Amino acid sequence: MITKKVIDTIYKRYKKRPKSTDDLNIALLFEGVHPGHGVEIDGNDLLVNSVPEQSPFHAIPLSAVHAIIEFEEHVAVVLHSSILFLNRDNEGVSVHIKPFKPSLKDKLAGLFAR
């Protein structure tokens, strides 16, 4: 099961992109997810056809992917501030978006704006 602690660990462990897209486990997207996701590589983009075309998660530049991780029921595509979870047994897709944490500068600006 993917918990908040697991998600926090993923963000912490995969802060930076790999030096090359060759270091990503792209084969996992074709072997490990449900075929209904319709995962394709189109040039330098990862297309997930189970996600609507209007969504920013439909076409993801491979250069933006930090990691591709296998879980028991999902395959995770890790980006800088979000994680796309593709279900392995059906066409289900879940997205976790990292919450915005204001910087010290933002906090101080908020105090003086009142």
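Higher on the page you've got the structure.
These figures come from a predicted structure and were not determined experimentally.

Parameters and conventions
- Residues numbered from 1 in each chain as written.
- Predicted model: local features only at pLDDT ≥ 70, side-chain atom pairs only at ≥ 80, totals over all residues.
- Heavy atoms only, no water.
- Helix = DSSP H or I, 4+ residues; strand = E, 2+ residues; numbered from the N terminus.
- Buried < 20%, exposed > 50% of the residue type's maximum accessible area, 1.4 Å probe, protein only.
- Contact = heavy atoms within 4.5 Å.
- Areas by Shrake-Rupley, 256 points an atom, 1.4 Å probe, with all protein chains shown as cover.
- Lys, Arg positive; Asp, Glu negative; His and termini not counted.
- Charge placed at Lys NZ, Arg CZ, Asp CG, Glu CD.
- Patch = residues over 30% accessible without salt bridge, like charges linked within 9 Å, V, L, I, M, F, W, Y side chains within 5 Å.
- Salt bridge = Lys/Arg side-chain N within 4 Å of Asp/Glu carboxyl O.
- Pairing = 2+ DSSP bridges.
- Axes fitted to C-alpha atoms, helices over the stretch in contact; angles between N-to-C directions.
- Arc of directions from axis to C-beta.

A. Quick look at the overall build of the protein chain. Helix and strand content of the protein chain: three helices and seven strands. Order of helices (α) and strands (β) in the protein chain, N terminus to C terminus: α-α-β-β-β-β-β-β-β-α. Seen along its three principal axes, the alpha-carbon backbone of the protein chain occupies a region of about 55 × 30 × 30 Å. The buried share of the protein chain, reckoned over its 114 residues, is 32%. Within the protein chain, residue pairs in contact and separated by at least 24 positions form 45% of the contacts whose partners lie at least 6 positions apart. Summed over all atoms, the accessible surface of the protein chain reaches about 7,800 Å², with 52% contributed by carbon and sulfur. With 14 positive and 14 negative side-chain charges, the protein chain shows a spacing of 19 Å between the two charge centroids.

B. Fine view of a positive patch on the surface. A grouping of Lys12, Lys15, Lys16, Lys98 and Lys101 is seen on the molecular surface, where their side chains present a positively charged patch. Looking at the element boundaries, Lys12 is found in helix 1 (residues 4–13).

C. Representation of the sheet that holds strand 5 (residues 74–78). Strand order across the open sheet formed by four strands is 4-5-6-7, with antiparallel pairing between neighbours. With one partner strand each, in any of the chains shown, strand 4 (67–70) and strand 7 (93–97) form the two edges of the open sheet. Shown here is a sheet whose adjacent strand axes are inclined to one another by a mean of 20°, direction ignored. Note that strand 5 and strand 6 (residues 82–87) share five bridges and pair antiparallel. Following the sheet pairing, Val78 is matched in strand 6 by Ile83. Along the sheet, helix 1 makes contact with strand 4, strand 5, strand 6 and strand 7, crossing strand 6 at roughly 120°.

D. Spotlight on the side chain of His58. Following the sequence through the fold, His58 ends up in the loop between strand 2 (45–48) and strand 3 (59–61). A relative accessible area of 10% places His58 in the buried class. Not counting residues within four places of it along the chain, the set of residues in contact with His58 comprises Leu46, Leu47, Val48, Asn49, Val51, Pro52 and Glu53.

E. Inspection of helix 1 at higher detail. All buried positions along helix 1 are accounted for by Ile7, Ile10 and Tyr11. On an axial view of helix 1, the arc spanned by its buried residues comes to 95°, and they lie on one face. Relative to its buried face, helix 1 has exposed residues pointing more than 90 degrees away, namely Lys5, Lys12 and Arg13. Those residues of helix 1 that are buried lie in contact with strand 4, strand 5, strand 6 and strand 7.

F. Highlighting the pattern of salt bridges. Taken as a whole and assessed by the stated rule, the structure comprises two salt bridges. Residues Glu70 and Arg88 are paired through a salt bridge, measuring 2.8 Å at the closest nitrogen-oxygen approach. Taken together, the positions of Glu70 in strand 4 and Arg88 in the loop between strand 6 and strand 7 put the pair 18 residues apart, joining distant regions of the chain. Relative accessible area serves as the criterion here: at 46%, Glu70 is assigned to the partly exposed category. Arg88 sits in the partly exposed class, given a relative accessible area of 24%.

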